[in-house]
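If you want the building blocks of each chain, they are given just below.
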Amino acid sequence: MMIRWTKLLLMAACVWSLYWAIAGWGLRQGLDGWFAEQQRQGWQADYGSLRTSGFPLYHHHRITTPTLADPGTGTAWRADWLDIRSLALWPGTLSLHLPQTPQRLSYFDRTAILQADGLQADVQVAPGSARELEQLHITAGPWTVRSEDNTDLGGQAFVLEMAQTDAPNRYQIRAEGTGLTPPPLLRQRLAATEGLPERLETVIAEMTVTFDTHWDRNAIELRRPQPRNITLHLAEARWGPMRIKATGDISLDETGLPEGDLALQVENWQDILQMAETAGDLPPRVRAGIEKVLQVFAGLGGNHRDLDLPLTLKSGYVALGPLPIGPAPRLVLR
């Protein structure tokens, strides 16, 4: 009996080893073919080497010095290596790991250098050649983004979650950043502001976004899906004594121009005016006039330290309550 079971186990091990080798070869061919196809379409798509490991439960592919550049959108990315890990039984659940060494992100002639500890993306895609995105979970430890020799932005941790809903082109999205460091110019301007820490404690955004199409492999190869409707469940930022919250609905046209209303709540709003004046962005006379107007609205809520105002985006402009702010930004994913 023992010999019989030993033979069965050996046969199963041989079959599994053969399956693992064939599946790994197929994945390698798929990756190599994808780079070749992007080159055929005019991209710069290069890598140094492709190695496979992970036997017996995983397929672990390490791509060294990957470089991708799309001349159509002007975007480019380069890193020292990229690890792609998947279960041997089902390659639709992927884990992408990126190096702690600098990555270069370019948009035409502008280049940003991203450096992050423990940056990884866990991806779940639907069966089929389109690889439709079902779930995405990105995490990172301490990170910085800089241009040339300057650190423009940084943080202690970052999390992004994206999950497909019943509608294929609608996703629940949650992003959270902790310990965010503002750009150096802003920090320099606010150096004289008392009681303001160097880092934002937390920035959170929770929303439901409807895109013009679902996310799949075409989002990388052809065009990024564009948002058409955003239901903002919560956007919140905390920085020292200041706290800003927003909720509401926004629709976007074909050019990415937003239109809609957000309910904005600002705690300790007078500190924000003081900060803007200290930074040199708000002249004292203008600040005095704005403060008088906002004091009226703050008094309506019974708490003069807090302010509730509608943020209106309409006809290409933004208004905060009765105060016009300026042109509305276009939201376009490149």
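Owing to the predicted nature of the structure, the values given are computational and were not obtained by experimental measurement. (Residues numbered from 1 in each chain as written. Predicted model: local features only at pLDDT ≥ 70, side-chain atom pairs only at ≥ 80, totals over all residues. Heavy atoms only, no water.)

Points about unusual backbone geometry
- In the segment running from Phe55 into Pro56, the intervening peptide bond is cis, with an omega of 10°.
- Turning to its location among the elements, Pro56 is positioned in the loop between β2 (50–53) and β3 (58–64).
- Even without being glycine, Thr65 reaches a positive phi, approximately 45°.
- Within the element layout of this structure, Thr65 appears in the loop between β3 and β4 (67–70).
- If you check the backbone angles, Ser315 has positive phi at about 55° while not being a glycine.
- Within the fold, Ser315 resides in the loop between β20 (306–314) and β21 (317–320).
- The exposure class of Ser315 is exposed, given its relative accessible area of 57%. (Helix = DSSP H or I, 4+ residues; strand = E, 2+ residues; numbered from the N terminus. Buried < 20%, exposed > 50% of the residue type's maximum accessible area, 1.4 Å probe, protein only.)

A few points about a nonpolar patch on the surface
- A surface patch of nonpolar side chains, amounting to about 350 Å² of accessible area, comprises Trp5, Leu8 and Met11.
- In this fold, Trp5 is placed in helix α1 (residues 2–40). (Patch = residues over 30% accessible without salt bridge, like charges linked within 9 Å, V, L, I, M, F, W, Y side chains within 5 Å. Areas by Shrake-Rupley, 256 points an atom, 1.4 Å probe, with all protein chains shown as cover. Salt bridge = Lys/Arg side-chain N within 4 Å of Asp/Glu carboxyl O.)

Re the side chain of Asp70
- With respect to the element layout, Asp70 can be found in strand β4.
- Buried charge Asp70 goes without a salt bridge, the closest partner of opposite sign being Arg224 at 4.1 Å.
- Only 3.5 Å separates the side chain of Asp70 from the side chain of Trp43, close enough to count as a polar contact.
- In this view, Asp70 contacts Trp43, Thr75 and Arg224; residues no more than four positions away in its chain are not counted. (Lys, Arg positive; Asp, Glu negative; His and termini not counted. Polar contact = N/O pair within 3.5 Å; in protein donor to acceptor, adjacent residues only side chain to side chain. Contact = heavy atoms within 4.5 Å.)

Concerning the pairing of strand β14 (residues 157–164)
- Pairing between strand β11 (residues 133–140) and β14: six bridges, direction antiparallel. Bridging from a neighbouring strand, Gln135 pairs with Ala163 of β14.
- Here eight bridges tie β14 to strand β15 (residues 170–180), and the two strands are oriented antiparallel to one another. Within β15, the position partnered with Val159 by the bridge is Glu176.
- Hairpin connection, β14 to β15: the antiparallel pair is bridged by five residues. (Pairing = 2+ DSSP bridges.)

Some thoughts on the side chain of Arg243
- Secondary-structure assignment places Arg243 in strand β18 (residues 242–252).
- There is a polar contact of 2.6 Å between the side chain of Arg243 and the side chain of Glu236.
- In contact with Arg243, not counting residues within four places along its chain, are Glu236, Ala237, Arg238, Gln265, Val266 and Glu267.

Quick notes on the packing of aromatic side chains
- By the definition in use, this model includes eight aromatic pairs.
- Summarising the aromatic geometry, the rings of Trp34 and Trp43 are spaced 6.5 Å apart at their centres and angled 80° between planes, so their arrangement reads as edge-to-face. Grouping residues by exposure puts Trp34 and Trp43 together as buried.
- On the basis of an interplanar angle of 85° and a centroid distance of 5.6 Å, the ring pair of Phe211 and Trp215 is categorised as edge-to-face. (Phe/Tyr/Trp six-rings, centres within 6.5 Å; stacked < 30°, edge-to-face > 60°.)

Describing the environment of Arg224
- Topologically, Arg224 is positioned in the loop between α3 (218–221) and β17 (227–239).
- With 19 residues separating them along the chain, Arg224 and Arg243 place their C-alpha atoms 33 Å apart.

Points about the environment of Pro56
- Here Pro56 falls in the partly exposed class, since its relative accessible area comes to 36%.
- The sequence separation of Pro56 and Leu200 amounts to 144 residues, and the corresponding C-alpha distance is 45 Å.
- In contact with Pro56, not counting residues within four places along its chain, are Trp16, Trp20 and Ala88.

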